[in-house]
2 protein chains.
Amino acid sequence: MSVIIHQNLSTSISSSTSTFLGHNNLKSIKCSNVSIPGRISGVIKCVATPSAEKTAYKTKVSRNENMGKLQAGYLFPEIARRRAAHMLKYPDAQVISLGIGDTTEPIPEVITSAMAKRSYALSTVEGYTGYGAEQGEKQLRAAIAKTYYENLGIEEDDIFVSDGAKSDISRLQVLFGSKVTMAVQDPSYPAYVDSSVILGQTGQFQKDVEKYGNIEYMKCTPENGFFPDLSAIRRTDIIFFCSPNNPTGYAASREQLTRLVEFAKENGSIIVFDSAYALYISDDNPRSIFEIPGAKEVSMEVSSFSKYAGFTGVRLGWTAIPKELLYSDGFPVAKDFNRIVCTCFNGASNIAQAGGLACVSPEGIKSRHSIRLVLRYTEEKNAPYVWIYFPGQSSWDVFSEILEKTHVVTTPGSGFGPGGEGFIRVSAFGHRENVLEACRRFKQLYK
Amino acid sequence: MSVIIHQNLSTSISSSTSTFLGHNNLKSIKCSNVSIPGRISGVIKCVATPSAEKTAYKTKVSRNENMGKLQAGYLFPEIARRRAAHMLKYPDAQVISLGIGDTTEPIPEVITSAMAKRSYALSTVEGYTGYGAEQGEKQLRAAIAKTYYENLGIEEDDIFVSDGAKSDISRLQVLFGSKVTMAVQDPSYPAYVDSSVILGQTGQFQKDVEKYGNIEYMKCTPENGFFPDLSAIRRTDIIFFCSPNNPTGYAASREQLTRLVEFAKENGSIIVFDSAYALYISDDNPRSIFEIPGAKEVSMEVSSFSKYAGFTGVRLGWTAIPKELLYSDGFPVAKDFNRIVCTCFNGASNIAQAGGLACVSPEGIKSRHSIRLVLRYTEEKNAPYVWIYFPGQSSWDVFSEILEKTHVVTTPGSGFGPGGEGFIRVSAFGHRENVLEACRRFKQLYK
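About the thresholds
Residues numbered from 1 in each chain as written. Chains lettered and ligands numbered in written order. Predicted model: local features only at pLDDT ≥ 70, side-chain atom pairs only at ≥ 80, totals over all residues. Heavy atoms only, no water. Contact = heavy atoms within 4.5 Å. Buried area = accessible area lost by both parts, 1.4 Å probe. Salt bridge = Lys/Arg side-chain N within 4 Å of Asp/Glu carboxyl O. Helix = DSSP H or I, 4+ residues; strand = E, 2+ residues; numbered from the N terminus. Buried < 20%, exposed > 50% of the residue type's maximum accessible area, 1.4 Å probe, protein only. Polar contact = N/O pair within 3.5 Å; in protein donor to acceptor, adjacent residues only side chain to side chain. Least-squares fit on C-alpha atoms with pLDDT ≥ 70 in both. Pairing = 2+ DSSP bridges. Axes fitted to C-alpha atoms, helices over the stretch in contact; angles between N-to-C directions.

Caption draft 1: Up close: the interface of chain A and chain B. Counting residues at the interface gives 118 residues for chain A and 118 residues for chain B. Across the interface of chain A and chain B, roughly 9600 Å² is buried in total on both sides, 58% from carbon and sulfur atoms. Summed over the three residues of chain A that lose the most area to chain B, namely Y57, Y131 and R339 of chain A, the buried surface amounts to 9% of that side. Counting every contact that joins chain A to chain B gives 8 salt bridges.

Here's what the structure looks like:
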């Protein structure tokens, strides 16, 4: 984990920059300009208001009150909106985004050729396949179980292949329903909280504390080493826990995760463990919650090929739910999720699944190892993000000042929860030359 | 629409067979053996119960009560389970499935090569793209609007590209929330009702009438020409309406859809129009609800490339929501759905979207026209299904007797709602030789 504490913006930028680069490893930089043209248009839609005249016909259908609870736009669309507005204001500026954690490095050909081959096969009588299993192709489920969970007691039929972790997080919320209580790391990936609000698990947003009612925010700060003080946490049904965490980049230790599992077991809670960034762990911290003894009785795990293999646009992930995970009445959680998957989903694209199979093949793993290495470049040894602290300052103010003065897009920490206020997240994904250019601008501005 | 009324199974099979083939158009037959190996394994999972000992640790999390309301397995998994059991009982039998409406014909190469090209591009610096717009790629949204809604007032930004209609139906239920009331055609595609139950919109299942409480079942029978008597329908917030209907194959006329839109407007209801089978319409019945004047104020439309282009496994569809569609408070429905898509979904696979773009290109449309034609083969002129009536008999009994005696898998009509009891749906998709073989068996058995 890398945390840099600064007293004011000007010094912070320069030192964060040097930290961001790592003083003596410029040569190893391969990080990112997340230019996301596709997303921009989409994102602008996220905040666009379809025109509707006052006199227009209105149905008698009431708006879902939970949708009305949601605050502002989803974080990344909002950033993209401000980015687009900035580009309109400075049409000639070369904007560099170190904001959203998007992948930019090409996918190894061993993987793309497998997808191309599957595509071509679909135009042959022998190679054509229609509906696949909603849970994913047998071969891929088996390969995921073997590659990521060997000797952890997770089997082929515990794996549910998805079109990505974000989609599965919402399907899990549909599974749990509106009556559960939930806890999240603060700060954390916004989709946990927003999907909880949409499903009606929360109260209204409380502006004074910047929190939704009925959600337990587990504060993760430099003071507690970015691991929550469990003795201060109220019991909830569900605990979303991401390690390495997005945005802090902090990877929980084996001892900490053991305490988390004990905490869940004492409370009879279910941990939804998000291991989307586990590949970036370079020390011996657990890459899966199932490495912790007894975790299978209180945990499920959501993961993704997005950051593993640059599949952010290809869309492929999975959720692992052990047979040992039971509701209070003894009913297996996996059996209900299976019904959700069969009723609300029709399986991931067969072409993406062919790519996933190539990802976990010996050649695929070898090729992805090289991708992974180029992303490991800061003092942050377990995550592709740097989390920078600006005490007493507003994240959005810092975001705006950096954007205005350097045309560099970052991510305001407050977008990840009240605990992120005063922080800025700098993404690690992307092209070396863009980051070097960003640093030149920082240094010139704050020299 | 083709409806055959029979007095008993033996005569019904032979005559349904002849009807099924169309007396004088054997040469034009191109229908289906839906061999769905991928689905089989998955489907078996759908009903598999993870083993859990009585003494096992249980969490204190209560099972979502709505999940407990769901009856039996989802229809097609249940059929696949019975199909698999039959194959175990008769290991040497050549089982032919005319059950689930899966596609079997290869995808035109103009489309698969576009997907292969996009796959290969992802391994290049120039061609790589990460996260796309959650709503779909701008170019594809524009092409769908132009191809299917030109002059109907549906624009690019009204189109939300999805991973298929089934996924979007559930996302729409999440959008509407648990407090809306809904109506469905009876019989209809099971996903409408099941997703409604899961979201908590319904009461318990009432065994005596085979219906869930609080859902309005709009009976569609041979007596009313498979179009509901709207004067007998209770007002609901949402009306799911599929035309051509699955399973009856009946396509509503312009006059009938005009009455449906008027009915919705009088009640202030929202019509969710499912046009997944619209491509099979061969007469001048509307292919989109938006062909009806005023429909945009009370309707949205869900559609899919699955049956259009054999994309059942590739996964690509869309939902069109007009800006004119407003909640009772005047808030645009599309704006909330956009938030759902941004929070609960991350866009369809970029490779599948490249295929979709090829589908709606002039070459793609031409190539798919040839696919469509081979599927048009029975007296049913607007749908790929034949709906056969066995008065006084149980659909599952007829299903079982046909399977036992001919090793042919059909679909029991009761799986589509109480209004389907006594009917059998025979799918039209697939290979000519398998259907000919199925017919030989029918004729031999019932000669």
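After presenting the structure, the write-up continues.
Caption draft 2: Highlighting the side chain of K323 of chain B. Residues and elements named next belong to chain B. Mapped onto the elements, K323 comes out in the loop between β11 (317–320) and α11 (333–344). A relative accessible area of 17% places K323 in the buried class. Side chain to side chain, K323 and D158 meet in a polar contact 2.7 Å long.

Caption draft 3: Local environment of the side chain of T319 of chain B. All names here are of chain B. Of note, T319 is situated in strand β11. Of the polar contacts made by the side chain of T319, one reaches the side chain of D168; its length is 2.6 Å. Here T319 is in contact with D158, I159, F160, D168, E301, V302 and F337, once residues within four sequence places are set aside.

Caption draft 4: View of the relation of the copies chain A and chain B. Rotating chain A by 180° and moving it 0.0 Å along the rotation axis overlays it on chain B with an RMSD of 0.1 Å. A rotation of that kind, with that shift, is consistent with a two-fold axis. The position closest to the rotation axis in chain A is occupied by the C-alpha of A116 of chain A, lying 2.0 Å away. Looking at the interface residues of chain A, 100% of them are also at the interface in chain B, so both copies use one shared face.

Caption draft 5: Quick peek at the sheet that holds strand β3 (residues 159–162) of chain A. All names here are of chain A. The 7 strands lie next to each other as β3-β11-β10-β9-β8-β4-β7, forming an open sheet whose pairing is mixed. Bordering the open sheet on either side are β3 and β7 (215–219), each of which pairs with just one other strand. Across the sheet, the mean angle separating the axes of adjacent strands is 20° when strand polarity is ignored. In this sheet, strand β8 (residues 238–242) lies alongside strand β4 (residues 182–186) in parallel orientation, the contact comprising 3 bridges. Paired with M182 across the strands is I238, a residue of β8.

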